[in-house]
Amino acid sequence: MSIMSMQERNQGLGTKIIIGLIIIAFGFFGLGSITTFLAPVAKVATINGIDITQQEMEIAVERNRRMQLASNASPEEIDEDLLRQNVLSSLVDREVLSQSIDNLDLTVGDKDLDKDITATEVFQVNGLFNTDQFRVVLASAGYSPATYREELRRDKAIQQLSDGLRSTVFVTDAELRQAASLMQQTRDIAYLEFSQAMKREEVIVSDAEVAAYYDVNQNRFFSPELMDIEYVELTRTMLMDKVSISDEELQTFYTNRADLFSQPEKRRLSHILIAPEDNDKAAALAVIEGIKARLDSGENFAELAATLSQDPGSAAQGGDLGYMSPDVFVKPFEAAAQGLSELGEVSAVVETQFGFHLLKLTELMSQVTPELETIKEEVSLAFKEEVIAEEYVTQISIMDELAFEDPDLQGIAEQLQLEIKSTGMLDRASSAGLLANSAVKEAVFSPDLLIDGNNSALIEESDSRALIVRVKTHQPSELRTLETVQAEIVVQLEAEKASSLAEQQAEQAVSMLEQGDITRYVADQFGLEWKVEAAVQRYQSDVPAAIRDKAFSLPKPDSASKSVGYTLLDTGGAAVISVTNVKAKEPGTVGEADLQGLRQVMAMQLGGFDMQNYQSSRKLEADITGY
């Protein structure tokens, strides 16, 4: 339960808004039903008479798109058709499960929701739940507190269903030991590697093939859109560097503003919270007074907090709330905390909107003001910040005015004695340097700058840096000529042909082995040497993964024979694989520690399969239209 007040915080939105936040297990949420009496609501699917509206779909699509962009995907990389298909499938699956939990009367109580929300790290400030932070993060993801709670309630109920199904899974000892034996199986492996690099020498790419490839794949051969950005910038540091300060001025400033450099009093608190059940304050008060009596008789505060406190965020730490910061706690709580003056002192019972509290002062550090000489740099910096504060605001106002008046950056640079800088040619897809700033990126790709050649308006990158940008040179994306990309296409086609040839020869080698040709003869026909790896384990890291995985997918050979097959390699070639001498560890020799870990893994996998099968069966039984 939170004990945080809803105080406004002076923090940048960039530190609060986490785009693409995934808290709900199934990833997509609606904003609740919206009813209109003037026109029918567009829908994208209906499940057992319940509609998924177009609006829900668009909200989920946009959230998923933001998630991908926040994961450094570029807009061009997002396949819109695939995105919408996946989102609709997720919404249908979620609705099927939602109806299933309704039929099973599964739900989650408000207390469990509160506990989950207050324990969520992105809703916290200094380790404690903060209502303002909660609302800001939800707003950035498109939720209200009410809709978020209901979606969280539904997802936790779905999780109940999943946990229930998974808890019914069991693995018999015989199955477990057999699986452990197979997991620790070893195989003798020999392989021939048909290298793509070696086969390149055997392929020829004609001009006609190059031209045909170019015609079909022209979308791959556009040059990047490039631009050179000119800009002028003003920072507080630039102005501060021009300020000089004497020792006398520094001493006067330090004396007058000692409050800036004092280390404030620090109080560390612990508390015990008892929240009323069903608004029964009398019962809660009786409980907290009983705890106070036990404390007065000498019982340990931390032990009582750990066992009795109903604050899930601090009970496990013996009620510890850490160091107290101003205006963090609600007023009655803060007043009681400030009233504690001696270490170990416990407050009287304090009532807040969250319930009844007992507070204990566990650490107290008095205010300390360090000597000037020990913090001279810090004091000098603070002095300069105060000196230039007004001038900085004045100069960025002038910059903003001149941005519209001047045809370029020259007048701004001369009047404010700023340097005109240039980024050099940058790719439009880049997110480095100036283009890491979304406001800059939006400005330079606007018609006002890109087409008309104007200056941008003032862009305040932070409270200490402002800049004005313009497009110096723009190089649009263009289809490169066949002549300029011919060598690139030849390399691509050579690689494709070499890989195809390697695969063909691997198939041929497998056929020869299956027909009874000896391994040495087969290798000689292709000028290759067998590489032999004895007693390879299923997850052995020093054998190429593709070869190892293929070797363990081949059937176990008879004692006097071998299993053969081939696989494609990550490097573009192929490998022929021969497996002999398969040995499995005797089931009775597997250690108990190995068995225990494997039992958990198998149960988790089987539980996951059961949940998938349950969802698939419910989906097959559902009446789904428009999907």
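Residues numbered from 1 in each chain as written. Predicted model: local features only at pLDDT ≥ 70, side-chain atom pairs only at ≥ 80, totals over all residues. Heavy atoms only, no water.

## Quick word on the overall build of the chain
Going by this rule: Helix and strand assignments follow DSSP, with helices taken as H or I runs no shorter than four residues and strands as E runs no shorter than two, numbered in order from the N terminus. Radius of gyration: over C-alpha atoms. The globule rule applied is 2.2 Å multiplied by the number of residues raised to the 0.38 power. Buried means the residue's accessible area, taken with a 1.4 Å probe over protein chains only, is under 20% of the maximum for its type, while exposed means over 50%, and partly exposed covers the values in between. Between two residues, a contact is recorded if the distance between any of their heavy atoms is within 4.5 Å. Positive charges are assigned to Lys and Arg, negative charges to Asp and Glu, while His and the chain termini are left out of the count. Charge coordinates come from a single atom per side chain, which is NZ of Lys, CZ of Arg, CG of Asp or CD of Glu.
A count of helical and extended segments in the chain gives 23 helices and 17 strands. For the chain, whose C-alpha radius of gyration is 35 Å, the value lies well above the compact-globule estimate of 25 Å for 627 residues. Out of the 627 residues in the chain, the part that is buried amounts to 40%. Nonlocal contacts in the chain, meaning residues at least 24 apart in sequence, comprise 73% of its contacts between residues at least 6 apart. Within the chain, one finds 54 positive and 102 negative side-chain charges whose respective centroids are separated by 6 Å.

## Description of the packing of helix α9 (residues 207–216) against helix α20 (residues 482–514)
Definition in use: A fitted line through C-alpha atoms serves as each axis, taken over the contacting stretch for helices, and the angle formed by two N-to-C directions is quoted from 0 to 180°. Roughly parallel here means an angle under 35 degrees, roughly antiparallel means over 145, roughly perpendicular means 65 to 115, and every remaining angle is called oblique. Polar here means any residue outside two lists: the nonpolar Ala, Val, Leu, Ile, Met, Phe, Trp, Tyr, Cys and Pro, and the charged Asp, Glu, Lys and Arg; Gly therefore counts as polar.
Their axes nearest at 9 Å, the elements α9 and α20 cross at an angle of 105°. The angle between α9 and α20 places the two elements in the roughly perpendicular class. Here α9 contributes Asp207, Glu209, Val210, Ala211, Tyr213 and Tyr214 to the contact with α20, which in turn contributes Leu482, Val485, Gln486, Ile489, Val490, Gln492, Leu493, Glu496 and Lys497. Its residues assigned to classes, the contact of α9 with α20 comprises 9 nonpolar, 2 polar and 4 charged.

## Points about the environment of tyrosine 627
For tyrosine 627, the position within the fold is in the segment after β17 (624–625). We classify tyrosine 627 as partly exposed; its relative accessible area is 45%. Along the primary structure tyrosine 627 and isoleucine 47 are separated by 580 residues, whereas in three dimensions their C-alpha atoms are 9.3 Å apart. Beyond its immediate chain neighbours, meaning those up to four positions away, tyrosine 627 contacts Ala45, Leu88, Ser89, Val92 and Lys619.

## Some words on the sheet that holds strand β14 (residues 531–537)
Inclusion rule: Here, any two strands with at least 2 DSSP bridges between them count as paired.
Read from one edge to the other, the open sheet built from 4 strands follows the order β14-β5-β16-β15, with strand pairing classed as antiparallel. Both edges of this open sheet fall to β14 and β15 (563–568), since each of them pairs with a single strand only. On average, each strand axis in the sheet is inclined to that of its neighbour by 30°, with strand direction left out of account. Sheet analysis places strand β5 (residues 186–194) next to β14, joined by 5 bridges and oriented antiparallel. Of the residues in β14, the one forming a bridge with isoleucine 189 is glutamate 533.

## So, the packing of aromatic side chains
For clarity, the threshold we go by: When two rings of Phe, Tyr or Trp (its six-membered ring) have centres within 6.5 Å they constitute a pair, described as stacked for plane angles under 30 degrees, edge-to-face for angles over 60, and tilted for the intermediate range.
Under the criterion given, the structure shown has 9 aromatic pairs. With a centroid separation of 4.8 Å and 85° between ring planes, the pair formed by phenylalanine 123 and phenylalanine 134 is classed as edge-to-face. Here phenylalanine 123, found in the loop between α4 (110–118) and β3 (124–125), pairs with phenylalanine 134, found in helix α5 (residues 131–141); they are 11 residues apart in sequence, far enough to count as distant. Look at phenylalanine 123 and you get buried, because its relative accessible area is 0%. Plain terms: the ring middles of phenylalanine 123 and tyrosine 148 are 5.8 Å apart, the flat faces sit at 85° to each other, and that makes the pair edge-to-face. Taken together, the positions of phenylalanine 123 in the loop between α4 and β3 and tyrosine 148 in helix α6 (residues 145–167) put the pair 25 residues apart, joining distant regions of the chain.

## Quick word on the pattern of salt bridges
Rule in force here: By definition, a salt bridge exists where a carboxyl oxygen of Asp or Glu is found within 4 Å of a side-chain nitrogen of Lys or Arg.
For the structure shown, the criterion picks out 34 salt bridges. A salt bridge links glutamate 151 to arginine 94; its shortest N-O distance comes to 2.6 Å. Taken as a pair, glutamate 151 in helix α6 and arginine 94 in helix α3 (residues 80–103) lie far apart in primary sequence, 57 residues in all. The class for glutamate 151 is buried, based on a relative accessible area of 16%. Shared partners join several salt bridges into a network, and the residues in it are Asp110, Asp114, Arg149, Glu150 and Arg153.

## What to know about the sheet that holds strand β6 (residues 226–235)
Here 4 strands make up an open sheet; going across it, the order is β11-β6-β13-β12 and the pairing antiparallel. Two strands in the sheet have a free side with no partner beyond their single neighbour: β11 (421–427) and β12 (459–462). Recorded for the sheet is a direction-independent mean angle of 40° between the axes of neighbouring strands. Examined bridge by bridge, β12 and strand β13 (residues 465–475) share 3 bridges and lie antiparallel to one another. Bridge pairing in β13 links glutamate 460 to alanine 466. Relative to β13, helix α16 (residues 376–405) is tilted by about 30°, and along the sheet it contacts β6, β12 and β13.

## Brief notes about the packing of α4 against α6
Following both chains from N to C, one finds α4 and α6 inclined at 105°, their axes separated by 10 Å at the closest point. In this view, α4 runs roughly perpendicular relative to α6, as classed from their interaxial angle. Across from Asp110, Asp112, Leu113, Asp114, Asp116 and Ile117 in α4, the residues of α6 making contact are Tyr148, Arg149, Leu152, Arg153 and Lys156. Among the residues making up the contact of α4 with α6, the classes are represented as 4 nonpolar, no polar and 7 charged.

## Here's the deal with the side chain of serine 578
When you line up the elements, serine 578 lands in strand β16 (residues 574–583). What serine 578 contacts, discounting residues up to four positions off in sequence, is Asp188, Ile189, Ala190, Trp530, Lys562, Ser563 and Val564.

## Considerations on unusual backbone geometry
Even without being a glycine, asparagine 48 presents a positive backbone phi close to 50°. Tracing the sequence through the fold places asparagine 48 in the loop between β1 (43–47) and β2 (50–53). Even without being a glycine, aspartate 105 presents a positive backbone phi close to 60°. Checked against the element boundaries, aspartate 105 lands in the loop between α3 and α4. Judged by relative accessible area, aspartate 105 falls into the exposed class, the value being 67%.

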